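Chain residues, written in single-letter form:
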Amino acid sequence: MSGSSVYAAGEFTEVSGQSRDSLARLDAASGAVNSFQHGIEGSPRALAVGNGRLYLAGAISRVDQQDRRRLAAFSLDTGELDDDWTPSADNTVYSLAYRDSKVYLGGSFHRADDARSTLRLAAVDATSGDLDEDFRPSPPSVVYSIAVDDNGVYAAMGGPGGRAAAFSNSGSTRWTRVFDGDAQAITVLDGTAYVGGHFDRACTSDATGAHGTCRQGSVSRVKLAAVRSDGTLADWAPQANGISGVRTLAVDREHGTVAAGGDFTTIGGRSQKRFVSFG
């Protein structure tokens with residue numbers, strides 16, 4: 001969301017009866033479809049707003065018939081494709097986050113801007129698209145979701161056994177938590193990272209066995225968990241149900257709330273279908 005507009009990206013060709021190729025802008029109050037319109041080749045996976053731009057990522061190859069390698073940007077003022085912002089990745093970018101004039105990329109790529117050691121997590125300049133050569137955390141598994149705050153970058157990863165990790169602004173690892181299934185979503189509020197996925201347990205050590213099972217003890221954290229700023233597991237345990245579990249998380253910093261969306265139908269044994277907000 002930016003100002004009075006909500007941006008949507010996905011594999012659609014029409015919004016409210018109007019032709020839109022995978023990307024649309026809606027009025028936040030009325031839901032009316034804006035004139036913002038582009039041609040996207042491939043599958044969008046993520047959006048981020050900052051620096052006067054809308055950033056788009058995914059498995060995209062062309063925008064408005066111009067070559068783009070998984071990443072593109074548009075002016076928030078004019079809606080036009082940014083011809084100068086052209087960073088690249090060699091495989092899918094699943095998540096984006098903007099902070100302090102940088103755009104962070106998380107995904108399954110091995111190289112960003114054809115640079116070595118930019119495995120799965122990288123940062124580029126929000127204006128020029130130039131790679132941040134100093135930020136190279138190289139997480140061990142595919143990154144499905146990222147979040148940022150003043151302390152650094154947070155990543156939710158796949159497995160076997162899922163992981164959530166926090167990295168400093170320089171790319172060094174601050175903490176890692178291991179789960180018995182993929183971590184698919186992450187967000188951060190007041191230094192606490194909230195993690196969602198299709199895990200059922202949080203491991204008490206980094207040791208995992210076949211299929212990501214916890215080898216040295218675990219505690220119940222069904223689809224949702226929270227990790228304090230020092231890497232310790234918080235008591236917060238809403239316990240969602242389902243197989244795929246939680247797919248997305250977001251925070252409202254003004255009101256201090258955390259929202260989750262996914263394939264669950266209960267939270268703590270109570271009916272709560274696919275969306276929940278925690279105050």
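It should be noted that the structure appears before, not after, this text.
Predicted model, so just to flag it, every value in this text is computed and none were measured.

Quick notes on the rules
- Residues numbered from 1 in each chain as written.
- Predicted model: local features only at pLDDT ≥ 70, side-chain atom pairs only at ≥ 80, totals over all residues.
- Heavy atoms only, no water.
- Phe/Tyr/Trp six-rings, centres within 6.5 Å; stacked < 30°, edge-to-face > 60°.
- Helix = DSSP H or I, 4+ residues; strand = E, 2+ residues; numbered from the N terminus.
- Buried < 20%, exposed > 50% of the residue type's maximum accessible area, 1.4 Å probe, protein only.
- Disulfide = S-S within 2.5 Å.
- Pairing = 2+ DSSP bridges.
- Axes fitted to C-alpha atoms, helices over the stretch in contact; angles between N-to-C directions.
- Core = buried A, V, L, I, M, F, W, Y, C linked by side-chain atoms within 4.5 Å.
- Salt bridge = Lys/Arg side-chain N within 4 Å of Asp/Glu carboxyl O.
- Polar contact = N/O pair within 3.5 Å; in protein donor to acceptor, adjacent residues only side chain to side chain.
- Contact = heavy atoms within 4.5 Å.

1. Thoughts on the packing of aromatic side chains
- Counted by the stated rule, this structure contains nine aromatic pairs.
- Residues Trp236 and Phe278 carry aromatic rings whose centres are separated by 5.1 Å and whose planes lie at 80° to one another, so their mutual orientation is edge-to-face. Of this pair, Trp236 sits in the loop between β20 (224-227) and β21 (246-252) while Phe278 sits in strand β25 (residues 275-278), placing them 42 residues apart in sequence.
- Overall, the relative accessible area of 23% leaves Trp236 in the partly exposed class.
- Under the relative-accessibility criterion, Phe278 is labelled buried at 16%.
- Grouped by ring-pair contacts, the aromatic residues Tyr7, Phe36 and Phe74 constitute a single cluster.

2. Describing the state of the cysteines
- Overall, the coordinates contain one disulfide when judged by the stated rule.
- The disulfide partner of Cys203 is Cys214, and the S-S distance across this bridge is 1.9 Å. Sign of the S-S torsion, about -75° for the bond between Cys203 and Cys214, identifies this disulfide as left-handed. Taken together, the positions of Cys203 in strand β18 (residues 201-203) and Cys214 in the loop between β18 and β19 (218-220) put the pair 11 residues apart, joining distant regions of the chain.

3. Some details on the sheet that holds β25
- As summarised here, the arrangement of the three strands in space is β21-β22-β25, forming an open sheet in which the pairing is antiparallel. Lying at the two open borders of the sheet, with one neighbouring strand each, are β21 and β25. For this sheet, the mean inter-axis angle between neighbouring strands, taken without regard to orientation, is 20°.
- Looking at chain direction, β21 and strand β22 (residues 257-262) are connected through six bridges and run antiparallel. Looking at the pairing, Asp252 lines up with Thr257 of β22.

4. Brief notes about the nonpolar core
- Core analysis: the largest hydrophobic core is formed by 19 residues, its most contacted members being Tyr55, Val93, Leu96, Val103 and Leu105.
- At the level of elements, β5 (40-50), β6 (53-63), β8 (71-75), β9 (93-99), β10 (102-107) and β11 (121-125) are the ones that each hand at least two residues to this core.
- Within the second largest apolar cluster, 17 residues are counted, among which are Ala166, Ala202, Ala225 and Val227.

5. Some remarks on the pattern of salt bridges
- Counting across every chain of the model gives nine salt bridges.
- Here Arg53 makes a salt bridge to Asp82, at a shortest N to O gap of 2.7 Å. Note that Arg53 is positioned in strand β6 and Asp82 in the loop between β8 and β9, a separation of 29 residues in sequence.
- Residue Asp82 is classed as buried on the basis of its relative accessible area of 12%.
- Across the pair Arg247 and Asp263 runs a salt bridge whose closest N-O atoms are separated by 2.9 Å. Here Arg247 is found in strand β21, whereas its partner Asp263 is found in the loop between β22 and β23 (266-267), with 16 residues between them in sequence.
- Salt bridges sharing partners connect three or more residues here, namely Glu41, Arg62 and Asp67.

6. Structural notes on the side chain of His38
- Considering the arrangement of structural elements, one finds His38 in the loop between β4 (23-27) and β5.
- Within the structure, the side chain of His38 is placed 2.6 Å from the side chain of Asp64, a separation counted as a polar contact.
- A distance of 2.6 Å separates a polar atom in the side chain of His38 from the backbone oxygen of Gly79.
- Dropping the residues within four chain positions of it, His38 is found in contact with Asp21, Leu23, Asp64, Phe74, Gly79, Glu80 and Leu81.

7. Brief notes about unusual backbone geometry
- Residue Gly159 is joined to Pro160 through a cis peptide bond whose omega torsion reads 20°.
- You can see Pro160 is positioned in the loop between β13 (152-157) and β14 (163-167).
- Of note in this structure, Asp114 is not a glycine but carries a positive phi near 60°.
- As for its placement among the helices and strands, Asp114 is situated in the loop between β10 and β11.
- With a relative accessible area of 48%, Asp114 lands in the partly exposed category.

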